[in-house]
Amino acid sequence: IQLNARERAAYNTEIKQMLAPILKKYGGEKLSDTGDGAVYAWQNISNYSVEQAMLAAKEIIATSKSSSLRFRIGVACGEVKCHYNQPDYSFLGDPINTASRLEAAAKESEILLDASVLEILKTDQILHVYTVKGAQFHALPTDQIEKRTA
């Protein structure tokens with residue numbers, strides 16, 4: 001779909017207005033939301049924060065189905081560093097790159113989880129291999145997750 005500058009700005013505003021309250025509800029902190037994408041983070045890597053991120057992602061997908069917006073979501077865990085060059089901030093790290101690649105590999109309304117997330121969620125499932133820009137990523141769509149019972 002080709003959008004002119006005004007339509008693209010309205011579209012991006014609609015995205016941000018939809019995402020902000022959902023992610024705030026589940027404890028997500030906005031790192032970046034330039035263009036038609038967004039990066040959110042949770043303060044610590046724990047089962048609770050990963051589950052909160054998953055709930056947020058699932059609610060985003062569910063909410064978008066009643067609008068004209070469609071999302072693909074990639075989720076990864078790990079250390080992210082902030083680079084500050086006044087007045088701009090840049091967030092760098094493998095989780096940002098991995099989540100971005102998984103988002104690109106996801107189908108419409110799909111959430112792909114990196115192996116780092118699945119380890120925290122304690123799953124023993126076989127992961128799918130996704131190749132994006134020549135790199136391989138091991139991930140699993142959320143609709144295929146089964147938690148360990150042990």
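As shown above, the structure is provided for reference.
Values in this document were obtained by computation on a predicted structure and should not be read as measured data.

**Some thoughts on the overall build of the chain**
From N to C terminus, the chain includes four helices and eight strands. Ordering the α and β elements of the chain from the N terminus gives α-β-β-α-β-β-β-α-β-α-β-β. Along the first, second and third principal axes, the C-alpha atoms of the chain reach 50 × 40 × 35 Å. With 150 residues in all, the chain has 34% of them scored as buried. The contacts of the chain with a sequence gap of at least 6 include a subset with a gap of at least 24, amounting to 55%. Here the chain displays about 9,700 Å² of accessible surface, and carbon together with sulfur accounts for 49% of that area. The chain carries 17 positive and 18 negative side-chain charges, and their two centres are separated by 3 Å.

**Focus on the pairing of strand E4 (residues 81-85)**
Strand direction decides the pairing type here: E4 and strand E5 (residues 88-92), joined by five bridges, are antiparallel. Paired with asparagine 85 across the two strands is aspartate 88, which belongs to E5. Between E4 and E5, which pair antiparallel in sequence order, lie two residues.

**So, helix H2 (residues 47-64)**
Taking 1.5 Å as the rise per residue, H2 with 18 residues should run 26 Å; its terminal C-alpha atoms sit 26 Å apart, in good agreement. By the burial criterion, the buried members of H2 are Ser49, Val50, Gln52, Ala53, Met54, Ala56, Ala57, Ile60, Ile61 and Ser64. Here the buried face of H2 lies against helix H1 (5-25), strand E3 (73-75), strand E6 (111-114) and helix H4 (115-120).

**Things to note about the side chain of threonine 98**
Structurally, threonine 98 is set in helix H3 (residues 94-105). Residue contacts for threonine 98: discarding those within four places in its chain leaves Ala76, Asp114 and Phe137.

**Structural notes on the pattern of salt bridges**
As enumerated under the stated definition, the model contains three salt bridges in all. The salt bridge involving glutamate 59 is made with lysine 25; its shortest N-O contact spans 3.1 Å. With a gap of 34 residues between them, glutamate 59 in helix H2 and lysine 25 in helix H1 connect regions that are remote in the sequence. By relative accessible area, lysine 25 is classed as exposed at 55%. Note that glutamate 103 is salt-bridged to arginine 72, the shortest N-O span being 2.7 Å.

**Some thoughts on the sheet that holds E3**
Here we have four strands laid out as an open sheet, ordered E3-E6-E8-E7, and mixed in their pairing. The open sheet is flanked by E3 and strand E7 (128-132), the only strands paired with a single partner. Direction aside, the axes of adjacent strands within the sheet are offset by 40 degrees on average. By the bridge criterion, three bridges tie E3 to E6 in an arrangement that is parallel. The partner of glycine 74 across the bridge, within E6, is leucine 112.

Reading the values: the criteria
Residues numbered from 1 in each chain as written. Predicted model: local features only at pLDDT ≥ 70, side-chain atom pairs only at ≥ 80, totals over all residues. Heavy atoms only, no water. Helix = DSSP H or I, 4+ residues; strand = E, 2+ residues; numbered from the N terminus. Buried < 20%, exposed > 50% of the residue type's maximum accessible area, 1.4 Å probe, protein only. Contact = heavy atoms within 4.5 Å. Areas by Shrake-Rupley, 256 points an atom, 1.4 Å probe, with all protein chains shown as cover. Lys, Arg positive; Asp, Glu negative; His and termini not counted. Charge placed at Lys NZ, Arg CZ, Asp CG, Glu CD. Pairing = 2+ DSSP bridges. Expected span 1.5 Å × (residues − 1). Salt bridge = Lys/Arg side-chain N within 4 Å of Asp/Glu carboxyl O. Axes fitted to C-alpha atoms, helices over the stretch in contact; angles between N-to-C directions.

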